[in-house]
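# Per-entry structural report
Here's the letter readout for the chains.
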Amino acid sequence: MSLDPLFKPRSVAIIGASARPYTIGHRILTNLMEHGFTGPLFPVNPKGGTIHNLMVYRSIIEIPSEVDLAHIIVKNTLVKPVLVDCAEKGVRVAIVNTSGFSETGPEGLALEEELVATARELGIRVFGPNCQGVMNTDPAVSLYSNFTFARMVPGHISILAQGGGVAEIINNYFGMNEIGTRMYASNGNASDISIPEILAYYGDDPETRVIVLHVESFRRPARFLEVAREVAHRKPILALKSGYTEEGARAVSSHTGGMMGRDTTSDILFERAGVLRFNDLTSLCETAKAFECQPVPRGPRVGIVTNAGSPAIVATDEVVRYGLVIPPLSDRSADVLREKLKGFAAVSNPIDMAATASAEEYGVSFKALLDDEGIDSVIVCFITPFFVDTEAIAREIARLAAEAEKTLLCVAMTNENWKDTVDIVKKAGVPVYYFPEAASQVLYQMERYRRLRDRPPGEPKSYPAEREAVDRILAEATIMENGFLSGPDVNRILDAYGIPRVREGTAGNFEQLRPLAAGMGYPVVLKVMSREVVHKSDSGGVLLDIKDDPELKEAFDTLHDRFGGLADVRYTVQEQVSGGVEVIVGAAGIGELGHSIMFGLGGIFVETLEDVTFRLAPISEADAGAMLDGIKASGILKGARGRPPVNREALVEILLRTSNLVAAHPAIAELDLNPVFAHPERDRTRVVDARIRIER
Ligand code: ADP
Ligand code: MG
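Residues numbered from 1 in each chain as written. Chains lettered and ligands numbered in written order. Predicted model: local features only at pLDDT ≥ 70, side-chain atom pairs only at ≥ 80, totals over all residues. Heavy atoms only, no water.

## Observations regarding the coordination of the magnesium ion (ligand 2)
Which entries qualify depends on this criterion: Donor selection uses N, O and S atoms within 2.8 Å of the metal (3.2 Å for Na, K and Ca). Since no water is included, sites may look incomplete. A run of H or I in DSSP counts as a helix once it spans at least four residues, and a run of E counts as a strand once it spans at least two, with each numbered from the N terminus. Burial status follows relative accessibility: with a 1.4 Å probe on protein chains alone, a residue under 20% of its type maximum counts as buried, one over 50% as exposed, and anything between as partly exposed.
Only Asn674 (O) and Asp689 (OD) from the protein reach the magnesium ion (ligand 2) as donors, at distances of 2.1 to 2.2 Å. With asparagine 674 in strand β27 (residues 668–678) and aspartate 689 in the loop between β28 (686–687) and β29 (690–694), the pair connects residues that are 15 residues apart, well separated along the chain. We classify asparagine 674 as buried; its relative accessible area is 4%.

## Some points on the packing of aromatic side chains
The following threshold applies: For Phe, Tyr and Trp, where Trp contributes only its six-membered ring, two rings pair if their centres lie within 6.5 Å, and the inter-plane angle classes them as stacked under 30 degrees, edge-to-face over 60, or tilted in between.
Inspection of the entire model under this criterion finds 14 aromatic pairs. Ring geometry for phenylalanine 218 against phenylalanine 224: centres 4.9 Å apart, planes inclined by 55°, an arrangement best described as tilted. Like phenylalanine 224, phenylalanine 218 is buried. A connected cluster of aromatic rings, assembled from ring pairs, spans Phe7, Tyr201 and Tyr202.

## Quick look at the sheet that holds strand β14 (residues 276–278)
The strands that make up a sheet are held in pairs by hydrogen bonds between backbone atoms, and each pair lies either parallel or antiparallel. To be explicit about the condition: Any two strands between which DSSP finds at least two bridges are classified as paired. To get an axis, a line is fitted to the C-alpha atoms, and for a helix only the part in contact is used. The angle between two axes follows their N-to-C directions and goes from 0 to 180 degrees. Contacts are residue-level and defined by heavy atoms, with any inter-residue pair within 4.5 Å sufficient.
The strand order across the open sheet built from seven strands is β9-β8-β11-β10-β12-β13-β14, with neighbouring strands paired in mixed fashion. Every other strand in the sheet has two partners, leaving β9 (143–145) and β14 as the edge strands with one partner each. Averaged over all adjacent pairs, the angle separating strand axes in this sheet is 20°, with direction ignored. In the sheet, strand β8 (residues 133–136) pairs with β9 via three bridges, with the strands oriented antiparallel. Counterpart to methionine 135 in the pairing with β9 is tyrosine 144. Helix α6 (residues 195–204) rests against β10 (154–161), β11 (181–186), β12 (210–215) and β13 (237–241) of the sheet, and its axis sits at about 165° to β10. In the packing of helix α11 (residues 281–293) onto the sheet, contacts are made with β10, β12, β13 and β14, and the angle to β13 comes to roughly 170°.

## Points about the site of ligand 1
What counts here: Proximity is defined per residue: any heavy atom of the residue falling within 4 Å of a molecule or strand makes that residue near it. In the analysis that follows, any N or O atom pair within 3.5 Å is treated as a polar contact, provided that within protein one partner can donate a hydrogen and the other can accept it, and provided that, for residues neighboring in sequence, both atoms belong to side chains. Only the protein chains shown count as cover for residues, and all accessible areas are computed by the Shrake-Rupley method using a 1.4 Å probe. Classes in brief: Ala, Val, Leu, Ile, Met, Phe, Trp, Tyr, Cys and Pro nonpolar; Asp, Glu, Lys and Arg charged; the others, Gly included, polar.
Surrounding ligand 1, one finds 21 residues, the nearest of these being Lys527, Lys536, Ser537, Val577 and Glu582. One nitrogen or oxygen atom from the main chain of valine 577 is found 2.9 Å from a nitrogen atom belonging to ligand 1. Compared with its free state, where it exposes 540 Å², ligand 1 has 92% of that area covered by protein. At the level of elements, β21 (524–529), β22 (542–546), β23 (570–575) and β27 are the ones that each hand at least two residues to the shell around ligand 1. Here the element with the most residues in the shell around ligand 1 is β27; it accounts for three residues. By residue class, the composition of the shell around ligand 1 is nine nonpolar, six polar and six charged.

## Topic: the packing of helix α23 (residues 621–629) against helix α25 (residues 648–664)
Counted only if it meets this: Left-handed describes a crossing whose near helix is turned anticlockwise from the far helix through less than a right angle; right-handed describes the clockwise counterpart.
Relative to each other, α23 and α25 sit at 115°, their axes nearing to 9 Å. Along this stretch, α23 crosses α25, giving a crossing that reads as right-handed. In this structure, α23 uses Glu621, Ala624, Gly625, Met627, Leu628 and Asp629 to contact α25, whose residues at the interface are Arg648, Leu651, Val652, Leu655 and Leu656. Taken together, the residues of the contact of α23 with α25 sort by class into seven nonpolar, one polar and three charged.

Treat this as a map of the structure, not an account of what it does.
Laid out in structure tokens, this is it:
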């Protein structure tokens, strides 16, 4: 079903409408009336009478004409019978504002489930319960189906927020600042009409240019991903996700599981979908404001024009800090400016004309930046001195902005005495900011969207693997209570997926270990091997730098003293790897979405270094490359301080093969390859230690 009856109803009933001013039933009716809803309104209340001169119906059944949308504002236990009446009347959608459902505990949850089941049976859709409602500023509809106070300013931002409070903070901010919104939906418990469904509807609305999203939890993350990915390709989705996800609280024992921590699932979900995630409402709203009226930048090159030097330097510093570029002016632009500007003007980027700059000088400089092929977006900085005609300058900016195709932002450092000046710029569809860094940050966010949108699709890459063999190992493995597989099982799984590991041999006594060590050549490493010892070096289970047979004997005795009592204890001798960088490749199960893949600096200090990045599996070659580049220490991989760079292809391949492995075997709950020795030589890039935990 289309959501038209929700956002463009031809008529609205308010069941639980009230004549008492401080009630939700009163406020919704009043809002709908005051904002000029274009269709008929039907208050319903068993008490009858009139509200605001409208006749009150005792039951929805008594309403003589058709009803598309009904607000239900009655006691939680009465919602169901009212819904039955609505269905009988032919109502298409019910907004259940009433609370006291799943948000309150098991009893409320049961009530909500019953409500949804009834609605499905009756063929009526439910928005909410425990929600604010919807709005549509389209003058043809003018629907204020909501009980708050935010002003309605028609424009192009559509808001979709689960939490009513955040929805209103955003909505009210836009209203207060004359920033135009299109549609609004705050669906509370989201029991039936879901976030992805509304997102798809906004995606198809031609007047919605940017979507602002607030989510607290993903009910169907896979569905969200599918819809968001498609919509985000056409218009920016700016998201704020608050709260912690389940995996933060889940018991984990691998490095990867531990590092997954706070809300990584949302990050990788948004990344895959191309949704811009924000951590604060301020920058989210400021960015939405720009997308509302400006095109997506064509690239990262920013031109700045100003009549005050230092704010432009602040803007420049910020632009550069965010990884955008302030390119030099083209020769042609420079020639034009040298000819037309005063001698003391700085003919460079930023163009600084000094405070005396006239409308004509602003026009010349702004036009030069608009015409300059080497520039993608322009920040016009503007202080309002007493000695120039600031309105003339504003008109000149507005005139040029009307024809411009580049992304334009204005920084106006002024006060209320120049409101008319600033309004001229705003009316021309150029967003105005007070602080220079705000504009720089917004441009960065806009460019971030462009990059996400334009990145190559990147198909997941698969390598040949012995999938059935691994299915068998996983099915037959005897696992301990902690879920970890034995060392030999882990090795067989890595081998089946072609994940390279160092040479090693495992035995139960010294006599068998000695020839293994001799075979691979000293120096070697000796490690304890038991499913009870998850982190071996923590308990002294890894001995390095063993140079000959006597040292091997000594090492063996030490480990045997420490671990000899464990039921499944064995000892592994490994060739000792030298050179290279220790990195970690990991994976962790994240429910319906499959697995996350992790890459970062590895070794025993993974948690301390905390330099890791995540993606949603399965990953593409481009994803894997971006992961290598995405950690803080990426420079070390590229060869810092005269060291040779590590072999990139080998690491990319290990990441892809790991992604293949977990994607094919959902039973893998956690996997750590830590360390992988990243080495300049491909054949010496190998896994030194691996652990796999399964959940069957
Ligand atoms: P655990 O992670 O269980 O403590 P590891 O096998 O990862 O045990 O060993 C811990 C550390 O010892 C590694 O991070 C690495 O620095 C070093 N190490 C282990 N095996 C080797 C090896 N074969 N060659 C070189 N260094 C090794
Ligand atoms: Mg390790």
